[in-house]
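Residue-level structure breakdown
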Amino acid sequence: MAAMFYGYLSDYLSGTQLNLFARVTALSSILLLSACSAESHDDNNKVANNHAENSNNTELSSAEIKSPPVSASELKPGGDTTTSIQPFPAFDKVAENLPDDLKADFFAGKALAEQPWVKAPTITTARDGLGPLYNARACLACHIRGGKGRLPDDSNSAVFNAFLRLSIPAESPDDIDPRIGVIPEPVYGEQLQGQSIALHHQLRASDPQQIHAKGDVSPEAYVYINWHSKTITYADGSQTEIRWPEADIRYLSYGPLHENTQISLRNAPAIHGMGLIEAIPQQAIDRLADPDDSNQDGISGRVNRVWDAVSGKTVPGRFGLKANRPNMDMVVASAFANDIGISNPLFPSQPCTAAQAVCNQQIHGTSNNEFELPAELLALVTEFSRNLAVPERRDANDPEVLNGRDLFYQSGCHLCHQPSFITRDSTAGTSQNNTHLLNQTIWPYSDFLLHDMGDGLADKRPDFLATGNEWRTPPLWGTGLSQRVNGSNSFLHDGRARSVEEAILWHGGEASGALQNFLQMDKSSRMALIRFVESL
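These numbers were taken from a predicted model, which means no experiment stands behind them. (Residues numbered from 1 in each chain as written. Predicted model: local features only at pLDDT ≥ 70, side-chain atom pairs only at ≥ 80, totals over all residues. Heavy atoms only, no water.)

Some thoughts on the pairing of strand 5 (residues 222-233)
The side chains of a regular strand alternate, residue by residue, between the two faces of the sheet. Inclusion rule: A strand pair is defined by DSSP finding two or more bridges across the two strands. Strands are runs of DSSP state E lasting at least two residues, helices are runs of H or I lasting at least four, and both sets are numbered from the N terminus onward.
Bridge analysis of strand 5 against strand 6 (residues 239-250) gives 12 bridges, and the strand direction is antiparallel. Among the inter-strand pairings, His228 is bridged to a residue of strand 6, identified as Trp244. Hairpin geometry of strand 5 and strand 6 is characterised by an intervening segment of five residues between the two adjacent antiparallel strands and by a positive phi of about 95° at Gly237.

Concerning helix 17 (residues 523-535)
Basically, it comes down to this: The span you would expect from a helix comes to 1.5 Å times its residue count less one. Throughout this description, buried means an accessible area under 20% of the type-specific maximum (1.4 Å probe, protein chains only), exposed means over 50%, and partly exposed covers the range between. Should any heavy atoms of two residues lie within 4.5 Å, those residues are considered in contact.
For helix 17, which comprises 13 residues, the first-to-last C-alpha distance of 18 Å matches the rise-based estimate of 18 Å (1.5 Å per residue) to within 8%. Listing the buried residues of helix 17 in full gives Ser525, Arg526, Ala528, Leu529, Ile530, Phe532, Val533 and Ser535. Summarising the contacts, the buried residues of helix 17 are in contact with helix 13 (399-410), helix 15 (500-505) and helix 16 (512-520).

Some details on the side chain of Ser196
Note the threshold: In the analysis that follows, any N or O atom pair within 3.5 Å is treated as a polar contact, provided that within protein one partner can donate a hydrogen and the other can accept it, and provided that, for residues neighboring in sequence, both atoms belong to side chains.
Tracing the backbone shows Ser196 in strand 4 (residues 195-196). Separated by 2.9 Å, the side chain of Ser196 and the backbone oxygen of Val217 make a polar contact. In this structure Ser196 touches Pro132, Leu133, Tyr134, His201, Gln202, Val217, Ser218 and Pro219, once residues within four positions along its chain are discounted.

Quick look at the packing of aromatic side chains
Short version of the rule: Geometry of aromatic contacts follows a simple scheme: Phe, Tyr and Trp rings, the Trp one being its six-membered ring, pair when their centres are within 6.5 Å, and the pair is stacked under 30 degrees between planes, edge-to-face over 60, tilted otherwise. Only Lys NZ and Arg CZ are tested; either one counts as a charge over a ring when it is within 6 Å of the ring centre and within 35 degrees of the ring normal.
Throughout the structure, instances matching the rule amount to 13 aromatic pairs. Centre to centre, the rings of Tyr445 and Phe532 are 6.1 Å apart; their planes meet at 80°, and the pair counts as edge-to-face. In this pair, Tyr445 is assigned in the loop between strand 11 (441-442) and strand 12 (450-452) and Phe532 in helix 17, connecting sequence segments 87 residues apart. A cation over a ring is seen here: Lys93 above Phe88, with NZ or CZ 5.1 Å from the ring centre. The ring of Trp506 carries Arg496 above its face, with NZ or CZ at 4.4 Å from the centroid.

As for the layout of surface pockets
Using the following cut-off: Cavity means a closed set of points on a 1 Å grid over the protein atoms alone, one where a 1.4 Å probe fits but cannot get out, pocket means an open set with protein on both sides within 12 Å along at least 5 of 7 lines, and lining means a residue has an atom within 4 Å of a point. Grid points are joined across faces, edges and corners, and a volume is the space filled by probe spheres set on the points. All residues other than Ala, Val, Leu, Ile, Met, Phe, Trp, Tyr, Cys, Pro, Asp, Glu, Lys and Arg, Gly among them, are scored as polar; the first ten of these are nonpolar and the last four charged.
Quantified by volume, the largest pocket comes out at close to 730 Å³. Lining the largest pocket are 29 residues, with Ile180, Glu190, Asn338, Phe347 and Ser349 positioned closest to its centre. Looking at the lining of the largest pocket, the element that brings in the most residues is helix 10 (residues 328-340), giving three residues. Looking at the lining of the largest pocket residue by residue, the class counts come to 14 nonpolar, eight polar and seven charged.

Digging into the sheet that holds strand 2 (residues 162-167)
Ordered in space as 3-2-7, the three strands form an open sheet in which the pairing is antiparallel. At either margin of the open sheet sits one strand with a lone partner, and together these are strand 3 (191-192) and strand 7 (262-267). Bridge count between strand 2 and strand 7: six bridges; the pairing is antiparallel. Looking across to strand 7, one finds that Arg165 is bridged to Ser264.

Side note on the state of the cysteines
Our working definition: To count as a disulfide, a pair of cysteine sulfur atoms needs to be within 2.5 Å.
Tallied over the full model, the rule gives one disulfide. Note on cysteine connectivity: Cys352 is disulfide-linked to Cys359, with sulfurs 1.9 Å apart. Here the disulfide of Cys352 and Cys359 is left-handed, its torsion about the S-S bond being about -55°. Taken as a pair, Cys352 and Cys359 share a single burial class, namely buried. Of the cysteine sulfurs around Cys142, a residue in no disulfide, the closest is that of Cys139, at 9.0 Å.

Considerations on the pattern of salt bridges
Should the charged atoms of two oppositely charged side chains come close, the side chains can pair. Basically, it comes down to this: For this document, the term salt bridge refers to a Lys or Arg side-chain nitrogen within 4 Å of an Asp or Glu carboxyl oxygen.
This structure, assessed with the given rule, holds 23 salt bridges. With its nearest N and O atoms 2.8 Å apart, the salt bridge here joins Arg496 to Asp494. Each member of the pair Arg496 and Asp494 is classed as buried. Connected via shared salt-bridge partners are Glu278, Asp329, Glu383 and Arg386.

Looking at unusual backbone geometry
The linkage connecting Gln86 with the following residue, Pro87, adopts the cis geometry, with an omega of 0°. Structurally, Pro87 is set in the loop between helix 3 (41-53) and helix 4 (103-114). Phi angles above zero are rare outside glycine, and Arg204 is one such case at about 55°. Within the fold, Arg204 resides in the loop between helix 6 (199-202) and helix 7 (208-213).

Focus: the confidence of the model for the chain
Put simply, the test is: Known as pLDDT, the predictor's confidence for each residue is given on a scale from 0 to 100.
Per-residue pLDDT for the chain has a mean of 89; in total, 86% of the residues score no lower than 70. Long-range and interchain partners of residues 1-60, a stretch whose pLDDT sits below 50, account for 126 contacts in this model, where long-range means more than four residues apart.

As for the packing of helix 4 against helix 12 (residues 375-386)
Inclusion rule: Note on geometry: axes are C-alpha line fits, over the in-contact stretch for helices, and angles between N-to-C directions span 0 to 180 degrees. These descriptions rest on fixed angle ranges, namely under 35 degrees for roughly parallel, over 145 for roughly antiparallel, 65 to 115 for roughly perpendicular, and the rest for oblique.
Interhelical geometry of helix 4 versus helix 12 gives an angle of 100° and a closest axis separation of 7 Å. Classed by the angle they form, the pair helix 4 and helix 12 counts as roughly perpendicular. For the pair helix 4 and helix 12, the contacting residues are Asp105, Phe106, Ala108, Gly109, Lys110, Leu112 and Ala113 in the first and Leu377, Leu380, Val381 and Phe384 in the second. Looking at the contact of helix 4 with helix 12 residue by residue, the classes come out as eight nonpolar, one polar and two charged.

What follows is the structure in structure tokens.
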């Protein structure tokens, strides 16, 4: 099968309150002086320890706080992997420092991530096995050019780059399978698939309920979005609108959902820099955690604990909107299984539940009891995903951007959006092929911890240890390029925010202090802070 794929590939390649908040922010910003110029893991870890233990020892007002000096390394947020945005920005470019002898595998993995899978059986045995239920035919069909998904602005277009997570409440933690982290909805599972291999669906000749009535394998439902909005008023009197989505599920083809179903709309995130995130020492993330808010700064980041099928045990999570995946192997393998319906060594099951008889009767793209995506091809896509470059900073020395940088620290944004890490210095836990990702000073602006973001952003759906109010801090690198990459300006977990400004205005819970600081700013200050974030 691998030989057939490489033959195919060669053809393809040719063609808290304010005073307390101010004290916290002050010392945190001062301590970050050493973080920005750190040249060793010890320096970086000391900053994290001091941030956690000594964050309320000064009496400076937020206006007096100065951000740490600009480090030259900020211009290359991905360290030596950083790539140019010329001739065009994209989040699926190869890491600049990837050794030449690994580039063939990178582009082989990219081809697998890019080209669509097809229904089995076909002569294309390296590409068949789609579905029977799925959300997309290929990885990069949702992560277009490696970027975020795009949501429809109207209520008459079905979503494509987003999907719904489903589960039902647990009466006891013991009821939850530790390998899944939730109790899936009994009929539809833990993810609603809006596509199927049925010809009537492919031609859009019938809706899912009609297809099901014909005895064919039908999509589980079509999902639409009803948008709602409200007006936010700043301290200076100016106003702006923010919106939020309501999922509209139509044509449920396998019966009604469980009456207590928890539903969470998820937009596809950008995927660049994930190998660098994987290379951050877990101890560096753990030092930032303060689950009981022992320093009383109002920030209580937590580490999620999730299942790792590679090691066969529960480990810390850092990937996913609720940090429910531990490493790149699990990220990629779960996406193939749940999003495309492709079985693989880590997720060997098809996306059909026991209640979906016709789905379970479909022919799979396997032979000799192999997986539809064997280990060697799964590894190619995983290595491709690990080696996606982070784009360079833009306008970093612009006076307005530098002012925005000061405001970012003064407002306390950095307390969750941890600016910088140094990746691990040994190959322990790293593929021998990825030594180029080690000892890199990176600027993702995330602590990769779970934070309570308030009721406004809550999906009320737990995931492993994450509560319905908690989300993992998203990295900010590349934020300002999102629309240029693929036309998407959909931010936050469900794509509700159409701009950085809207995303900030949805902050609550632990981020309420930072939000209040933003609301009190005059327009020029708000615009400066936004420009800084967009320069990352």
